[in-house]
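# Commentary on secondary and tertiary structure
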Amino acid sequence: MNYRLKIGQDVVTLEVGRLDETRSCQVTTGGESRSVTVKAVSPDQMHLTVDRQCFNLFLSPAEDGTWVWFNGKARFVQDADSIPRRKGRGLDDAPGEVTPPTPATVMRVLVEVGNEVTKGQALVVVSAMKMELTLSAPYSGTVAAVNTEVGAKVSPGEILVEIDRAAEGTDDE
Amino acid sequence: MFSKILVANRGEIAVRVMRTAREMGIATVAVYSEADREALHVLTADEAVLLGESDPASSYLNIDKIVQAAKDTGAQAIHPGYGFLAENPVFAKRITEEGLVFIGPPADVMANLGDKTTARTIMARSDVPIIPGMTASEADPDRLAVAAGTLGYPVLVKAAAGGGGKGMRIVWSEDELADAIAMAASEALAAFGDGSIYLEKYLDRPRHVEFQILADRYGNVVHLFERECSVQRRHQKIIEETPSPALTVDLRQRMAAAAVAAAKAAGYVNAGTVEFLLDRTGAFYFLEVNTRLQVEHPITEMTTGLDLVKHQIEIAAGEPLPFTQEQVFRRGHAIECRIYAEDPEANFMPSPGKILLFRPAEGPGIRYDHGIYRGFDVPVNYDPILGKLIVWAEDRTSACARMIRALQESVLLGVKTPVEFLLDIISSEPFRAGDIHTRFIEEHFAQWKPDTSTDDVAALGFVLNDLAGVRPALASQADIGTAEQQSPWQRLGALDLLG
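This is a predicted model, so every value here is computed, not measured. (Residues numbered from 1 in each chain as written. Chains lettered and ligands numbered in written order. Predicted model: local features only at pLDDT ≥ 70, side-chain atom pairs only at ≥ 80, totals over all residues. Heavy atoms only, no water.)

### Concerning the overall build of chain B
Regarding its fold elements, chain B presents 18 helices and 22 strands. Over its C-alpha atoms chain B spans a radius of gyration of 26 Å, differing by no more than 12% from the 23 Å that the globule rule assigns to 499 residues. Projected onto its principal axes, the C-alpha positions of chain B cover 90 × 55 × 50 Å. Per-residue burial for chain B yields a buried fraction of 56% across its 499 residues. Of all intrachain contacts in chain B linking residues separated by at least 6 positions in sequence, the fraction that spans at least 24 positions is 65%. Accessible surface for chain B amounts to roughly 20,200 Å². Of this, 51% is attributable to carbon and sulfur atoms. (Helix = DSSP H or I, 4+ residues; strand = E, 2+ residues; numbered from the N terminus. Rg over C-alpha atoms; globule rule 2.2 N^0.38 Å. Buried < 20%, exposed > 50% of the residue type's maximum accessible area, 1.4 Å probe, protein only. Contact = heavy atoms within 4.5 Å. Areas by Shrake-Rupley, 256 points an atom, 1.4 Å probe, with all protein chains shown as cover.)

### Examining the overall build of chain A
Scanning chain A from terminus to terminus reveals 1 helix and 15 strands. Contacts spanning at least 24 positions in sequence make up 37% of the contacts within chain A whose residues lie at least 6 apart. Element-wise, carbon and sulfur atoms account for 46% of the exposed surface of chain A, whose accessible area totals about 9,200 Å².

### With respect to the interface of chain B and chain A
Accessible area lost when the parts come together is the quantity often used to give the size of an interface. Taken together, the contact pairs 57 residues of chain B with 56 residues of chain A. Taken over both partners, the interface formed by chain B and chain A buries close to 5,000 Å², and the fraction arising from carbon and sulfur atoms is 69%. When residues of chain B are sorted by the area they lose upon contact with chain A, Leu413(B), Leu460(B) and Phe462(B) head the list and together hold 12% of the total. The residue Glu420(B) makes a salt bridge to Lys73(A) at a minimum N-O spacing of 2.9 Å. The interface formed by chain B and chain A includes 11 residue pairs in polar contact (both at pLDDT 80 or more). Of all the secondary-structure elements, those providing two or more residues to the side of chain B that touches chain A are β16 (349-350), β18 (357-359), α12 (396-409), β22 (411-413), α13 (419-427), α16 (455-468) and α18 (488-498) of chain B. The element contributing the most residues to the side of chain B that touches chain A is α16(B), with 14 residues. Each residue belonging to the side of chain B that touches chain A can be placed in one class, and the counts come to 34 nonpolar, 11 polar and 12 charged. (Buried area = accessible area lost by both parts, 1.4 Å probe. Salt bridge = Lys/Arg side-chain N within 4 Å of Asp/Glu carboxyl O. Polar contact = N/O pair within 3.5 Å; in protein donor to acceptor, adjacent residues only side chain to side chain. Nonpolar A, V, L, I, M, F, W, Y, C, P; charged D, E, K, R; others polar.)

### Concerning unusual backbone geometry
All names here are of chain B. A cis amide bond links Tyr 153 with the next residue in sequence, Pro 154, at an omega value of 0 degrees. Located in the positive-phi region is Phe 225, a residue other than glycine, with phi close to 70 degrees. On the basis of relative accessibility, which here comes to 15%, the residue Phe 225 falls in the buried class.

### A closer look at the environment of His79(B)
Residues and elements named next belong to chain B. Residue position: His 79 is located in strand β4 (residues 77-79). His 79 sits in the buried class, given a relative accessible area of 0%. Separated by 204 residues in the primary sequence, His 79 and Ala 283 have C-alpha atoms spaced 36 Å apart. Apart from the residues within four sequence positions on either side, His 79 is in contact with Leu 6, Val 7, Ala 8, Val 17, Ile 103, Leu 293, Val 309 and Gln 312. Separated by 2.9 Å, the side chain of His 79 and the backbone nitrogen of Gly 81 make a polar contact.

### Observations concerning the packing of helix α4 (residues 89-97) of chain B against helix α5 (residues 107-114) of chain B
Residue and element names in this part refer to chain B. One way to put it is that α4 packs onto α5 with a least axis distance of 8 Å and a crossing angle of 175 degrees. Regarding the angle of α4 to α5, the classification is roughly antiparallel. Residues Pro 89, Ala 92 and Lys 93 of α4 lie in contact with α5, whose contacting residues are Ala 107, Met 110 and Ala 111. Looking at the contact of α4 with α5 residue by residue, the class counts come to 5 nonpolar, no polar and 1 charged. (Axes fitted to C-alpha atoms, helices over the stretch in contact; angles between N-to-C directions. Parallel < 35°, antiparallel > 145°, perpendicular 65-115°, else oblique.)

### Looking at the packing of aromatic side chains
Any pair of aromatic rings gets described here by the distance separating the centres and the angle formed by the planes. Residues and elements named next belong to chain B. Inspection of every chain in the model, using the stated rule, returns 15 aromatic pairs over all chains. Ring geometry for Phe 91 against Phe 102: centres 6.0 Å apart, planes inclined by 90 degrees, an arrangement best described as edge-to-face. Taken together, the residues span a long stretch of sequence, with Phe 91 in helix α4 and Phe 102 in strand β5 (residues 101-102) at a distance of 11 residues. Ring geometry for Phe 358 and Tyr 368: centres 5.3 Å apart, planes at 90 degrees, overall edge-to-face. Residue Phe 358 is found in strand β18, and its partner Tyr 368 is found in strand β19 (residues 366-370); the two are separated by 10 residues along the sequence. The residues Phe 358 and Tyr 368 share a single accessibility class, namely buried. Here Arg 233 stacks its cationic end above the ring of Phe 348, 5.1 Å away from the centre of that ring. A cation over an aromatic ring shows up here: Arg 396 above the ring of Phe 431, its NZ or CZ 4.7 Å from the ring centre. (Phe/Tyr/Trp six-rings, centres within 6.5 Å; stacked < 30°, edge-to-face > 60°. Lys NZ or Arg CZ within 6 Å of the ring centre and 35° of its normal.)

### Let's talk about the packing of helix α3 (residues 63-73) of chain B against α4(B)
Residue and element names in this part refer to chain B. Two elements in contact, α3 and α4, have axes whose closest approach is 11 Å; the angle formed by their N-to-C orientations is 30 degrees. In terms of orientation, α3 lies roughly parallel with respect to α4. As α3 runs across α4, the sense of the crossing is right-handed. Seen from α3, the contacting residues are Ile 63, Asp 64, Ile 66 and Val 67; seen from α4, they are Val 90, Phe 91 and Arg 94. Taken together, the residues of the contact of α3 with α4 break down into 5 nonpolar, no polar and 2 charged. (Left-handed = near helix turned anticlockwise from the far one by under 90°.)

### Overview of the sheet that holds strand β15 (residues 161-165) of chain A
All names here are of chain A. The strand order β10-β13-β15 describes an open sheet built from 3 strands, whose pairing is antiparallel. Of all strands in the sheet, those with a lone pairing partner are β10 (116-117) and β15, marking the two edges. Of the pairings in the sheet, the one linking β10 to strand β13 (residues 141-146) comprises 2 bridges and is antiparallel in character. What sits directly across from Val 117, in β13, is Gly 141. (Pairing = 2+ DSSP bridges.)

### Re the pattern of salt bridges
When the charged atoms of two side chains lie near each other, side chains of opposite charge can form a pair. With the rule as written, the count across this model stands at 46 salt bridges over all chains. The salt bridge involving Asp81(A) is made with Arg4(A); its shortest N-O contact spans 2.4 Å. Remark: Arg4(A) occurs in strand β1 (residues 2-7) and Asp81(A) occurs in the loop between β8 (73-79) and α1 (90-93); sequence separation between them is 77 residues. Note on Arg4(A): relative accessible area 37%, which makes it partly exposed. In this structure, Arg367(B) and Asp369(B) form a salt bridge, with 2.9 Å as the shortest nitrogen-oxygen distance. The two residues Arg367(B) and Asp369(B) agree in class, both being buried. In this structure, a network of salt bridges that share partners links the residues Glu210(B), Arg227(B), Lys237(B), Glu240(B), Glu275(B), Glu296(B), Glu336(B) and Arg338(B).

### Comments concerning the nonpolar core
Core analysis: the biggest nonpolar cluster contains 105 residues, and Leu6(B), Ile239(B), Leu407(B), Leu412(B) and Ile425(B) have the highest contact counts within it. In this structure Leu407(B) touches Trp69(A), Gly72(A), Cys337(B), Ile339(B), Leu389(B), Val419(B), Leu422(B), Leu423(B) and Ile426(B), once residues within four positions along its chain are discounted. Val16(A), Phe55(A), Leu460(B) and Phe462(B) belong to the second-largest nonpolar core, a separate cluster that totals 29 residues. (Core = buried A, V, L, I, M, F, W, Y, C linked by side-chain atoms within 4.5 Å.)

Okay, structure coming up:
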């Protein structure tokens, strides 16, 4: 059984053998093969013995992946082959869109439909946990739609301002 | 003594105040907003009153509603926590006028200390050292040069209308002064429409060292030693400790005396904190007085054994301080790390969301003051502080080691936190050496990235979780029922076919 796992920007590949009666299996990663024994301490806690080294891990499943805690490091682990590719969900999936990086409240909307905007121009100011964040134009163009208003609660992936991209060559990308 | 108090705050500090009240046999009233219906402070109190909508103006900053809640529930006193209305003299005055007791300093003392210029004047009168600087703006370069000479280089050229570092210049020697004045003035003119400037003594990488004060109504003032709060990001403290690694016995004595003098000069009553900047030569300067319980108060509690909230309540009830300065002792070393919902990899961007797992560390010398539980949704409306992890040990080295263990063992999943960042700071050489200052993070950790060298352990956890059926990691919540009805062997067989 082969796994391709996405952790942050990295992809880790693991080859895992059959789990035997002692809940042990062989795991190969980076060309090295090791014997791993697993014990579920509780639904959240897992004890792993890798060769003779012991690790306590804590796990919490979430949408699209699993949070794993190990020694103060929290990692979001995803099966790289089954990461949903939904349009406009999260920052990674929507580069260059005007969307808040965190759930937030809209404080000010600085543009209207039809406005010409230049790359980097401030479009919307949102506030999250007492911190104000300015969302700016990812490229130059014309404002095609404003999908929010002052006071609105917004989340990552929601496109707050849509911009018709200006003809190529006007950007300094 | 009061029989019931209202806590006009939320989160970890509200829970912390209620704990002491309960130990004192005092009933507690929580107030809350729509967003906090299921917040821990609401679940902790004996009674809870809904104030209104989630925005602070309709809830935690709404003086009328809070006063009404106190009257409706028969609370005799109000503890403001920190933040929100804690340092609002209008709130303190109103509470007194309504025949209730504000657990904090008198409104006029708070107003005086809240005004920077008034506070400076009060301190200067009592020989508390203040950061030397000009009191009015000046345009004449010759007079500025004379002033700079008197202050001693380096000096800071500042815009009178200033803010955000605009129009600010550090000048290391006299020959740089004329240029710096011209540039600062033109920058200030462009930014604020006002080019007036003034000079202040520049402190190179100072430390932030503060003294805890307790004062009763009868003129008794004691200090409970210092807290070193130099490790800051965006001018906000993230690691605090006591004792400060920088203070000698003599310096501590002089700073403590200045802090007590400052409290007396201001007519201070209740718990307060006198903040100083300490420069590399051992010179210290008054910064401000925080007229409230500080976020970092637990490290003082851990080392002195005193409950600051208990003493706040007793002082507010009119009781004299039950001990003198000579009876205050300190033992060992305490460190606090603030646990915020924020992403240290993305410029400390707030990270609200649902707490999926929370399991604080246990064992000797560990205290976790927090306002969360598994399943709690951290609202976007308020400060991102989730809690504070505090450790005590016999010396600084042991306290650092204990903090590392406590951070590693305090599982918190679901929102981003700076735990890994804090671990790296406390493990770092300059922190271990006690060589900290207010620009410490900019200097040593500006480009911080998490160490991914043990990420294969997390990957292993994911895989074994999936294989051994500890919990079906890849299944959606709706599928969990069916997955649990299969034996792991059936599931494993299916997986092997796929593999």
